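Chain by chain, the residues:
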Amino acid sequence: MNFNDHENAVCTQDDTIGGRMSLARDALDVSAQRAARIVGVETSTWFNWENDRDAPRANRLAMIAGVLSVSLSWLLTGRGQGPR
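About the thresholds
- Each residue is numbered by its place in its chain's sequence as written, counting from 1.
- pLDDT decides what is reported in this predicted model: residues at 70 or higher carry local features, side-chain atom pairs at 80 or more are listed and counted, and totals for whole chains, interfaces and linings draw on all residues regardless.
- By convention in this description, side-chain values take in all heavy atoms of the structure and omit both hydrogens and water.
- To define a nonpolar core, start from buried Ala, Val, Leu, Ile, Met, Phe, Trp, Tyr and Cys residues and group those joined through side-chain atoms within 4.5 Å.
- Accessibility here uses a 1.4 Å probe with only protein chains present; expressed as a share of the type maximum, an area under 20% marks a residue as buried, one over 50% as exposed, and anything in between as partly exposed.
- Only DSSP runs of H or I with at least four residues qualify as helices, and only runs of E with at least two residues qualify as strands; both kinds are numbered from the N terminus onward.
- By definition in these notes, contact holds between two residues if any of their heavy atoms fall within 4.5 Å.
- For every residue, the predictor states its confidence as a pLDDT score lying anywhere from 0 to 100.

Engineer: How should the nonpolar core be read in this particular structure?
Structural biologist: Soluble globular proteins: nonpolar side chains tend toward being buried together. Core analysis: the biggest nonpolar cluster contains 16 residues, and Met21, Trp46, Trp49, Ile64, Leu68, Val70 and Leu75 have the highest contact counts within it. Of all the secondary-structure elements, those providing two or more residues to this core are helix H2 (17-28), helix H3 (32-39), helix H4 (43-50), helix H5 (58-67) and helix H6 (72-77). Looking at this core element by element, the count peaks at four residues for H3. Filtering out sequence-adjacent residues up to four positions away, Met21 remains in contact with Trp46, Trp49, Glu50, Pro56, Ile64, Leu68 and Leu75.

Below is the structure:
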């Protein structure tokens, strides 16, 4: 598989901020309730973000990236340090 093939093999679940949030949270084995509590939002807000019904405000993005142990760049674009 060459580099371009790998780029095209990205799962559609992680092509949005919400999808990447869900993917990273699952990789850390952290509940949505716990992640929401750490970030300081309601669980329903977190689920709205993960399901792309709403988007986190800019002032929350860096905090979310930190909680999920991913780079802000990866959270926003899918490029950079993602979940391990």
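Structure shown, so let's carry the discussion forward.
Engineer: How should the confidence of the model for the chain be read in this particular structure?
Structural biologist: The predicted coordinates should not be examined in detail at positions where pLDDT is low. In this model, the chain carries an average pLDDT of 87, and 83% of its residues clear a pLDDT of 70 or more. At the low end of the mean pLDDT range in the chain sits helix H1 (residues 3-8), at 43; at the high end sits H4, at 98. Below a pLDDT of 50 lies the segment residues 1-10, which in the model reaches two contacts outside its immediate sequence neighbourhood of four places, other chains included.

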